[in-house]
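Report on the structure
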Amino acid sequence: MNRRTRLSLAAAGSLLAGVAVLPAAAVADPGDEAELDVSVDIIEIKEPGVLALTVAGNSVALKEDGSDLLVRQFTGTLPTVTVTDTRTLEEIPAGSAWAVLGSSTDFTATGRPAITADHLGWKPKLIDGGDSGLVAEGSEVVTVLDEPTQPGNNVGLVDQELLVSTYDSGEVTGGAYTVNAGLNLRTPADVPAGSYHAKLTLSLFE
């Protein structure tokens, strides 16, 4: 018995004189017990699938290759672009299609006139489109200094140009698809020397 319990009993004893003694309350038999079964159902957390874009690098250095007396040419390769789709068919809206589009800013260098984005073109190359045949690379986009390979395509990467796409998301879900592109910057032969930089933005839409 602890000290607090002893003090309580002594105080109670001093109050018993001159008062009626009431029957003691029933005390439960220490052997009486009750057990309860506690249960819970914990279900697996199912993360929704995603449609995602990744790029194997964040820069490209173009090198001079194929220049002539009239035009200077600088080439390089876009780092591998991967589109991954982990969604189930139930998560994809009917009739959905996805596409990766690219556009560039102008090339700028300190104290030099800008080289506008229409001087940069590309030629997409599908690396792995899966077995469905429904993932396809975009058409070549040539620069403003080139003869168009088809009507209206010598605009460079000024606006959003197609890199890779599918017209039926539901038929290609569950896969990872890769593509790159040959990059081609063509400038007049008298372009001022300098260290030029531009931003090429790739966007995945559905």
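Cut-offs applied
- Residues numbered from 1 in each chain as written.
- Predicted model: local features only at pLDDT ≥ 70, side-chain atom pairs only at ≥ 80, totals over all residues.
- Heavy atoms only, no water.
- Helix = DSSP H or I, 4+ residues; strand = E, 2+ residues; numbered from the N terminus.
- Buried < 20%, exposed > 50% of the residue type's maximum accessible area, 1.4 Å probe, protein only.
- Areas by Shrake-Rupley, 256 points an atom, 1.4 Å probe, with all protein chains shown as cover.
- Core = buried A, V, L, I, M, F, W, Y, C linked by side-chain atoms within 4.5 Å.
- Salt bridge = Lys/Arg side-chain N within 4 Å of Asp/Glu carboxyl O.
- pLDDT = per-residue confidence, 0-100.
- Contact = heavy atoms within 4.5 Å.
- Pairing = 2+ DSSP bridges.
- Axes fitted to C-alpha atoms, helices over the stretch in contact; angles between N-to-C directions.
- 1 Å grid on protein atoms, 1.4 Å probe; cavity = no way out; pocket = protein on both sides within 12 Å on 5 of 7 lines; lining within 4 Å.
- Points joined across faces, edges and corners; volume = space filled by probe spheres on them.
- Nonpolar A, V, L, I, M, F, W, Y, C, P; charged D, E, K, R; others polar.

1. Quick notes on the overall build of the protein
A tally of helices and strands in the protein yields two helices and nine strands. Starting at the N terminus and walking to the C terminus, you meet the elements of the protein as α-β-β-β-β-β-β-β-α-β-β. Of all 206 residues assigned to the protein, the portion counted as buried reaches 31%. When the accessible area of the protein is evaluated, it comes to approximately 13,900 Å², of which 55% is carbon and sulfur surface.

2. Description of the nonpolar core
One finds L78, W98, W122, L163, V164 and L202 to be the most contacted residues of the largest nonpolar core, which totals 26 residues. Secondary-structure elements contributing two or more residues to this core are β3 (71–85), β4 (98–104), β5 (120–128), β7 (161–166) and β8 (176–188). Counting residues per element, this core draws most heavily on β8, which supplies five residues.

3. As for the pattern of salt bridges
Within this structure, the stated rule accounts for four salt bridges. A salt bridge links R72 to E64; its shortest N-O distance comes to 2.8 Å. The partly exposed category is assigned to R72, whose relative accessible area is 27%. Across the salt bridge formed by R87 and D85, the nearest N and O atoms sit 2.9 Å from each other.

4. Here's the deal with the confidence of the model for the protein
Averaged over the protein, the pLDDT score is 87; the fraction of residues at 70 or greater is 85%. Overall, residues 1–19 carries pLDDT values under 50, and its contacts beyond four positions in sequence, including any with other chains, amount to two contacts.

5. Comments concerning the environment of S139
Among the secondary structure elements, S139 is positioned in the loop between β6 (135–137) and β7. Its relative accessible area of 42% is what places S139 among the partly exposed residues. Measuring from C-alpha to C-alpha, the distance between S139 and Q150 comes to 9.4 Å, with 11 residues separating the pair along the chain.

6. A few points about the sheet that holds β7
Read across the open sheet, the four strands follow the order β6-β7-β4-β9; overall the sheet is antiparallel. The sheet is open, and its two borders are formed by β6 and β9 (200–205), each paired with just one other strand. The average angle at which neighbouring strand axes cross in this sheet is 15°, direction not considered. Sheet analysis places β6 next to β7, joined by three bridges and oriented antiparallel.

7. Some remarks on the layout of surface pockets
Roughly 780 Å³ of volume is contained in the largest pocket. Surrounding the largest pocket, 27 residues form its lining, V60, L62, F107, Y196 and A198 being those nearest its centre. Of all the secondary structure elements, the ones that give two or more residues to the lining of the largest pocket are β3, β8 and β9. With four residues, the single largest contributor to the lining of the largest pocket is β3. When its residues are assigned to classes, the lining of the largest pocket shows 18 nonpolar, seven polar and two charged.

8. Examining the side chain of T178
Relative to the helices and strands, T178 is located in strand β8. Apart from residues no more than four positions distant in its own chain, T178 is found in contact with T80, V81, T82, L126, I127 and D128.

9. Brief notes about the pairing of β7
Two faces make up the sheet, and in a regular strand the side chains alternate between them. β7 sits mainly inside the fold: five of its six residues count as buried. Strand direction decides the pairing type here: β4 and β7, joined by five bridges, are antiparallel. Directly across from G102, in β7, lies its bridge partner E161.

10. Some words on the environment of L202
Mapping L202 onto the fold places it in strand β9. For the pair L202 and L162, spaced 40 residues apart in the sequence, the C-alpha separation amounts to 9.6 Å. Dropping the residues within four chain positions of it, L202 is found in contact with L53, V55, L78, V81, V100, L101, G102, W122 and L163.

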